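Each chain, written out:
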Amino acid sequence: MVASGLPVVPILAEEVDLPRYPSLSPDGEEVVFSWRGDLWRVGMDGGRAMRLTSHPGIDSRSAWHPDGTSLVFESD
C-alpha cells in the first residue's frame, strides 16, 4: 500500500490507546486510523498496527480509494 505516494514504513505498535478517525477498507479486512499524529493500519482481527506515515505534521481523517489500493488523508 502507498500512502500519499510514499512507501509503507514497517514500524509496528503493539498497544494503541485512543485511536482516532477510523477508515474501513473497501473489502472490510483492514482499518486505517490516526494515532499520535500518524496514520496506522491493522487487520480487523487485531494484531500489531503498522505505521503508514511518519513526519512532523499531524495526519488524520483518511479515506480509502474504492479499489483499496491507496489512501487520501488530511495533514498539516
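Structure report, in brief. In this text, all values refer to a predicted model and were calculated from it rather than measured experimentally. (Residues numbered from 1 in each chain as written. Predicted model: local features only at pLDDT ≥ 70, side-chain atom pairs only at ≥ 80, totals over all residues. Heavy atoms only, no water.)

**Points about the pattern of salt bridges**
Rules: The working definition used for a salt bridge is a side-chain nitrogen of Lys or Arg within 4 Å of a carboxyl oxygen of Asp or Glu. Strands here mean DSSP runs of E at least two residues long; helices mean DSSP runs of H or I at least four residues long; both are numbered from the N terminus. Only protein chains enter the accessibility calculation, which uses a 1.4 Å probe; a residue whose area is less than 20% of its type maximum is buried, one above 50% is exposed, and one in between is partly exposed.
Considering all chains together, one arrives at 4 salt bridges under this definition. Taking the shortest distance from any N to any O, the salt bridge between Asp38 and Arg51 comes out at 3.6 Å. In this pair, Asp38 sits in strand 6 (residues 38-43) while Arg51 sits in strand 7 (residues 49-51), placing the two residues 13 residues apart along the sequence. Across the pair, Arg51 and Asp38 agree in class, each one buried. Close ionic contact of Arg61 with Glu74 constitutes a salt bridge, the shortest N to O distance being 3.7 Å. Here Arg61 is found in strand 8 (residues 59-64), whereas its partner Glu74 is found in strand 9 (residues 70-75), with 13 residues between them in sequence. Look at Arg61 and you get partly exposed, because its relative accessible area is 45%.

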